[in-house]
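A closer look at the structure
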Amino acid sequence: MVADGSADAIQLVGVIGAGQMGNGIAHVAALSGLDVVLTDLRPEALAQALATIGKNLDRQVQKGAVTESDRTAALGRITTASETRALGQCDIVIEAATEREEIKTAILKDLVPHLKPDAIIATNTSSISITRLAAVTDRPHRVIGMHFMNPVPVMKLVEVIRGIATDDATFGAVQALATRMGKTTAVAEDYPAFIVNRVLIPMINEAAYALMEGVGSVSAIDTAMKLGTNQPMGPLELGDFIGLDTCLAIMRVLQDGMGDSKYRPCPLLVKYVEAGWLGRKTKRGFYDYAEAVPRPTR
């Protein structure tokens, strides 16, 4: 049962999507002592996710952050499945699929018939309305946003976003779950892109405008922002790390949701995405990652 907000209310966690975010969520959940069912339609994605989790746990062992026995126990708590019905006994299911509303909506509609009545549905969306996603389920009061940062095992923040119908019990249970996972929460209202991406993605978009207009080169813009504002990564490098397709999708959510021209996606960002230059994951974006030292593409 997950009717309260205690730390022990959730014991079995489902994760939908075995990509970068999904495997990171499964990692931290299992390491915190929770049993995890990780699902993905592609068996090869599940195999790759387990390999990635194992490698990341090895890195934590080498740094002394995790013991070898903790690593073994965490891996033993993760099971995988390619069918949604495997999530039927989960106390909470965290959806971590591609940042496209139609995909998330289809997943939630498929998920609902398999869940027990009191199960919580959380979405890792970084920008889409929680209220709107909740409306396609049979339990809007049990739907909430739980936006992890990338890379999940390293980043300490989770944004918690209540939809208009989210009840106090769901909110309390998810707050307790995030704390158990070793995360700090920031509570955001259900407005487009919430807090982090409402501020961050327009900065990356503006850096793309500065590049397009010749204000500075890729290197100059990133160096200026790193040294001038004490950021560990310049905005263009960060855009490549996030994925330029994801940045563009969030800008479009902001533009549609806010109706303000200041959120107009930079044409150069659009062009890069149309070219398939999505950043690190495609080995080319604002930087070319074919060599050991990434080289600016402009």
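Residues numbered from 1 in each chain as written. Predicted model: local features only at pLDDT ≥ 70, side-chain atom pairs only at ≥ 80, totals over all residues. Heavy atoms only, no water.

**Structural notes on the packing of aromatic side chains**
A ring pair, where both rings are aromatic, is described by two values, the distance of the centres and the angle of the planes. If you walk through the whole model with that rule in mind, you get three aromatic pairs. On the numbers, 5.3 Å between centres and 80° between planes, the contact of Tyr272 with Trp277 is edge-to-face. Note on Tyr287 and Tyr289: the rings are 6.3 Å apart at their centroids and 50° apart in plane angle, and the pair reads as tilted. Owing to a relative accessible area of 12%, Tyr289 belongs among the buried residues under this scheme. (Phe/Tyr/Trp six-rings, centres within 6.5 Å; stacked < 30°, edge-to-face > 60°. Buried < 20%, exposed > 50% of the residue type's maximum accessible area, 1.4 Å probe, protein only.)

**Focus on helix 4 (residues 101–111)**
Of all the positions in helix 4, only Lys104, Thr105, Ile107, Leu108 and Leu111 are classed as buried. One face of helix 4 carries all of its buried residues, which in axial projection span an arc of 165°. Buried residues belonging to helix 4 abut strand 1 (12–16), strand 4 (92–95), strand 5 (120–123) and helix 5 (130–134). (Helix = DSSP H or I, 4+ residues; strand = E, 2+ residues; numbered from the N terminus. Arc of directions from axis to C-beta. Contact = heavy atoms within 4.5 Å.)

**What to know about the UniProt feature "domain: 3-hydroxyacyl-CoA dehydrogenase NAD binding" (unreviewed entry) in the protein chain**
When the UniProt feature table is mapped onto this chain numbering, "domain: 3-hydroxyacyl-CoA dehydrogenase NAD binding" (unreviewed entry) sits at residues 13–190. For the annotated span residues 13–190, helix accounts for 39% and strand for 21% of the residues, and the straight-line distance between the end C-alpha atoms is 24 Å. (UniProt positions renumbered as here; feature names shortened; annotations may be inferred.)

**What about the pattern of salt bridges?**
Applying the stated criterion to the full structure yields 14 salt bridges. Residue Glu95 pairs with Lys104 through a salt bridge whose shortest N-O separation is 2.6 Å. According to the relative accessible area criterion, Glu95 is buried, its value standing at 0%. Relative accessible area serves as the criterion here: at 1%, Lys104 is assigned to the buried category. Here the residues in one salt-bridge network are Glu95, Glu99 and Lys104, joined through shared partners. (Salt bridge = Lys/Arg side-chain N within 4 Å of Asp/Glu carboxyl O.)

**What to know about the packing of helix 1 (residues 20–31) against helix 2 (residues 43–62)**
Helix packing geometry: the angle between the two helix axes and the distance between the axes. Between helix 1 and helix 2, whose axes approach to 10 Å, the crossing angle comes to 55°. Judged by the inter-axis angle, helix 1 sits oblique to helix 2. Considering how the two elements wind past one another, helix 1 and helix 2 form a crossing that is right-handed. Where helix 1 approaches helix 2, its residues Asn23, Ala26, His27 and Leu31 are matched on the opposing element by Ala49, Thr52, Ile53, Asn56, Leu57 and Gln60. For the contact of helix 1 with helix 2, the per-class residue count stands at five nonpolar, five polar and no charged. (Axes fitted to C-alpha atoms, helices over the stretch in contact; angles between N-to-C directions. Parallel < 35°, antiparallel > 145°, perpendicular 65-115°, else oblique. Left-handed = near helix turned anticlockwise from the far one by under 90°. Nonpolar A, V, L, I, M, F, W, Y, C, P; charged D, E, K, R; others polar.)

**Structural notes on the nonpolar core**
If you look at the biggest cluster of nonpolar residues, it comprises 37 residues, and the most contacted ones within it are Leu38, Ile92, Ile94, Met146 and Phe148. Beyond its immediate sequence surroundings of up to four residues, Ile92 is in contact with Ile10, Leu12, Val13, Gly14, Ile120, Ala122, Val174 and Leu177. If you look at the next biggest cluster of nonpolar residues, it comprises 20 residues, including Leu87, Val93, Leu115 and Ile128. (Core = buried A, V, L, I, M, F, W, Y, C linked by side-chain atoms within 4.5 Å.)

**Here's the deal with the side chain of Asn205**
The topology assignment puts Asn205 in helix 7 (residues 196–212). Overall, the relative accessible area of 2% leaves Asn205 in the buried class. Engagement of the side chain of Asn205 in a polar contact is seen with the backbone nitrogen of Cys266, the distance being 2.8 Å. Those residues in contact with Asn205 that lie beyond four places of it in its chain are Met251, Arg264, Pro265, Cys266 and Leu269. (Polar contact = N/O pair within 3.5 Å; in protein donor to acceptor, adjacent residues only side chain to side chain.)

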